[in-house]
Amino acid sequence: EVQLVESGGGLVQPGGSLRLSCAASGFSFSNYWMHWVRQAPGKGLVWVSRINSDGSNAIYADFVKGRFTISRDNAKNTLYLQLNSLRAEDTAVYYCANTLSYYFDYWGQGALVTVSS
Amino acid sequence: QSALTQPASVSGSPGQSITMSCTGTNSDVGSYNLVSWYQQHPGKAPKVMIYEGTKRPSGVSNRFSGSKSGNTASLTISGLQAEDEADYYCCSYATSGTWVFGGGTKLTVL
């Protein structure tokens, strides 16, 4: 059974940092591209970032503007998202998702990040 | 990258068919056959219902179907059931190498 479990969310002050993790199991993690997608409270889904299977290439949504970094450790079957210079508008549930193609196959349950003073 | 355009809401009675649209541009929906659709129930993670425009993942009911014409993709749900009531999001791969979602459509089963 495919499982994606996010962790690391919480309350952080504006300008602060947080690292999200996504532990994967039940599939060959090192063969899959991985994504982060976020959803602000009561709002729609927004794509954040994608990393390729060996971690050598990453791409980000324009609004990230160098503040977020996606990475992965295939030996640990874990995906990461480093969030820096956080703003109130970054408050959202952050989902990780896997894919072998151009869509999001399995999703985690999400990690809530709240940016507030 | 601007969000794809979806109607805010659609509704239908049990047993009926409904179609919801997803309009993009020549830089996303119109460039590839890579539109996917996601169903999200309140408090739950999204679930893929259609990928690559028309394909259904294993386990998804054949009541769900997808199509595309030009810059507009559509999701049709036939034989509407109470459990279909949810938010639906379209998503497309774009020429920029990124992905873009629609704003979502709330489906109400009357």
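Definitions and cut-offs
Throughout this description, residue numbers start from 1 for each chain and increase along the sequence as written. To label them, take the chains in the order written and letter them from A, then take the ligands in the order written and number them from 1. Local features are withheld for residues below a pLDDT of 70 in this predicted model, meaning they are given only at 70 or higher, and side-chain atom pairs are given and counted only at 80 or more; totals for whole chains, interfaces and linings count all residues. Hydrogen atoms and water are omitted, and side-chain values are computed over all heavy atoms in the structure. Strands are runs of DSSP state E lasting at least two residues, helices are runs of H or I lasting at least four, and both sets are numbered from the N terminus onward. Note that the radius of gyration is over C-alpha atoms, with the globule rule given as 2.2 Å times the number of residues to the power 0.38. Here the term buried applies to any residue with accessible area under 20% of the maximum for its type, exposed to any over 50%, and partly exposed to those in between, with areas from a 1.4 Å probe on protein chains only. Residue contacts are counted whenever heavy atoms from the two residues lie within 4.5 Å of one another. Two strands form a pair only when DSSP identifies at least two bridges running between them. Axes, fitted as lines to C-alpha atoms, cover a helix only where it is in contact. Angles between the N-to-C directions of the axes lie from 0 to 180 degrees. Nonpolar cores were defined as sets of buried Ala, Val, Leu, Ile, Met, Phe, Trp, Tyr and Cys residues, with membership established by side-chain atoms within 4.5 Å. Each salt bridge in this description consists of a side-chain nitrogen of Lys or Arg and a carboxyl oxygen of Asp or Glu lying within 4 Å of one another.

**Q** Explanation requested: the overall build of chain A in the structure shown.
**A** On a plain count of helices and strands, chain A comes out with 0 helices and 10 strands. The globule rule puts the C-alpha radius of gyration for 117 residues at 13 Å, and the 13 Å found for chain A is close to it. Along the three orthogonal principal directions, the C-alpha set of chain A runs to about 40 × 25 × 25 Å. Burial statistics for chain A: of 117 residues in total, 48% are counted as buried. By sequence separation, contacts in chain A at least 24 residues apart represent 52% of the contacts at least 6 residues apart.

**Q** Honestly, the sheet that holds strand β7 (residues 68–73) of chain A in this entry has me stumped. Any pointers?
**A** Across a sheet, strands are paired by hydrogen bonds formed along the backbone, either parallel or antiparallel in direction. Residue and element names in this part refer to chain A. Across the sheet, 4 strands lie side by side as β1-β3-β8-β7; this open sheet has antiparallel pairing. Edge strands, defined here as strands with exactly one partner in the open sheet, are β1 (3–7) and β7. Neighbouring strand axes in the sheet, compared pairwise and without regard to direction, differ in orientation by 15° on average. Looking at chain direction, β1 and strand β3 (residues 18–25) are connected through 5 bridges and run antiparallel. Of the residues in β3, the one forming a bridge with Q3 is S25.

**Q** Looking at this structure, I do not really get the nonpolar core. What am I missing?
**A** A general feature of soluble globular proteins is that nonpolar side chains tend to end up buried together. W36(A), F104(A) and F101(B) are the most contacted members of the largest nonpolar core, which has 44 residues in total. A total of 5 residues in this core trace back to one element, the largest contributor, which is strand β9 (residues 92–99) of chain A. V29(B), A86(B), Y88(B) and L107(B) belong to the second-largest nonpolar core, a separate cluster that totals 22 residues.

**Q** Looking at this structure, I do not really get the pattern of salt bridges. What am I missing?
**A** In a structure, side chains of opposite charge can pair up when their charged atoms sit close to one another. All names here are of chain A. Applying the stated criterion across every chain, the model contains 4 salt bridges over all chains. Measuring nitrogen to oxygen at the nearest pair gives 2.6 Å for the salt bridge that ties R67 to D90. Of this pair, R67 sits in the loop between β6 (58–60) and β7 while D90 sits in the loop between β8 (78–83) and β9; the two residues are 23 residues apart in sequence, bridging distant segments of the chain. For D90, a relative accessible area of 0% translates into the label buried.

**Q** When you look at the sheet that holds strand β2 (residues 18–23) of chain B in this model, what are you seeing that I'm missing?
**A** Residue and element names in this part refer to chain B. Pairing is antiparallel in the open sheet, where 3 strands are placed in the order β2-β6-β5. With one partner strand each, in any of the chains shown, β2 and β5 (64–69) form the two edges of the open sheet. Each neighbouring strand pair of the sheet contributes to a mean axis angle of 20°, computed without reference to strand direction.

**Q** How do you make sense of unusual backbone geometry when you look at a structure like this?
**A** With the exception of glycine, most residues fall at negative phi, and the peptide bonds are largely trans. All names here are of chain A. At K65, a position not held by glycine, the phi torsion is positive, near 45°. Tracing the sequence through the fold places K65 in the loop between β6 and β7. Here K65 falls in the exposed class, since its relative accessible area comes to 66%. With a phi angle near 50°, N77 is a residue other than glycine that sits in the positive phi range. Inspection of the secondary structure assignment puts N77 in the loop between β7 and β8. A relative accessible area of 29% places N77 in the partly exposed class.

Geometry only, nothing functional implied.
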